[in-house]
Amino acid sequence: LKVSFARRIYPRGVKQQFMAVLATGDFTSQLKKIHCPTTIIHGAVDPLLRPAGGRASARAISGAKLEIIAGMGHDLPPAVLPRIADLVAGTARRAA
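A brief structural summary.

**Focus: helix 4 (residues 81-95)**
Consideration 1: Between its terminal C-alpha atoms helix 4 stretches 21 Å, which fits the 21 Å expected from 15 residues at 1.5 Å a residue.
Consideration 2: Within the span of helix 4, buried status applies to Ile84, Leu87, Gly90 and Thr91. Summarising the axial view, the buried residues of helix 4 lie within an arc of 120 degrees, below the 170-degree limit, and thus occupy one face. Residues of helix 4 that are exposed and point over 90 degrees away from its buried face: Pro82 and Arg93.
Consideration 3: Where helix 4 is buried, its residues contact strand 1 (39-43) and strand 2 (65-69).

**What to know about the nonpolar core**
Consideration 1: One finds Leu31, Ile40, Ala58, Ala60, Ile61 and Ala64 forming the largest nonpolar core, which totals six residues.
Consideration 2: The residues touching alanine 58, leaving out its near neighbours within four places in the chain, are Ile40, Ala64 and Leu66.
Consideration 3: Counting five residues, the second-largest nonpolar core is a separate cluster that includes Ile69, Val80, Ile84 and Leu87.

**Observations concerning the side chain of serine 57**
Consideration 1: As for its position among the elements, serine 57 is in helix 3 (residues 51-60).
Consideration 2: Not counting the four nearest positions on each side in its chain, serine 57 is found in contact with Leu31 and Ile40.

**Notes on the environment of glycine 53**
Consideration 1: With respect to the helices and strands, the residue glycine 53 is situated in helix 3.
Consideration 2: In this structure the C-alpha to C-alpha distance between glycine 53 and histidine 42, which are eleven residues apart in sequence, comes to 8.7 Å.

**Examining the pairing of strand 2**
Consideration 1: One ladder, built from five bridges, connects strand 1 with strand 2; its direction is parallel. What sits directly across from glycine 43, in strand 2, is isoleucine 69.
Consideration 2: Following the backbone out of strand 1, through helix 3 and into the adjacent parallel strand 2, one traces a crossover that is right-handed.

Here is what the cut-offs are and how they apply
Residues numbered from 1 in each chain as written. Predicted model: local features only at pLDDT ≥ 70, side-chain atom pairs only at ≥ 80, totals over all residues. Heavy atoms only, no water. Helix = DSSP H or I, 4+ residues; strand = E, 2+ residues; numbered from the N terminus. Expected span 1.5 Å × (residues − 1). Buried < 20%, exposed > 50% of the residue type's maximum accessible area, 1.4 Å probe, protein only. Arc of directions from axis to C-beta. Contact = heavy atoms within 4.5 Å. Core = buried A, V, L, I, M, F, W, Y, C linked by side-chain atoms within 4.5 Å. Pairing = 2+ DSSP bridges. Right-handed = clockwise from strand over helix to strand, strands pointing away.

Shown next, in the form of structure tokens:
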């Protein structure tokens, strides 16, 4: 059974998420502590966290793979879910 729901833009939520990103600050030092297979999946048109952030995360994690998905923003559109599932499965296989 496929369950889905419609989401709408919630301006207050967007603002709260943006403020949380700003408050978090730089976590590069924590990323450098990751020593397991890692795939960074990032939307090419993410308006909240630009692709440069994904590239920086991939550089900080030794051996990380970076996948920037064309047309994806800061969401998980159904059209890209098979690609994301393949990437997650590939990362799990590398860890096995």
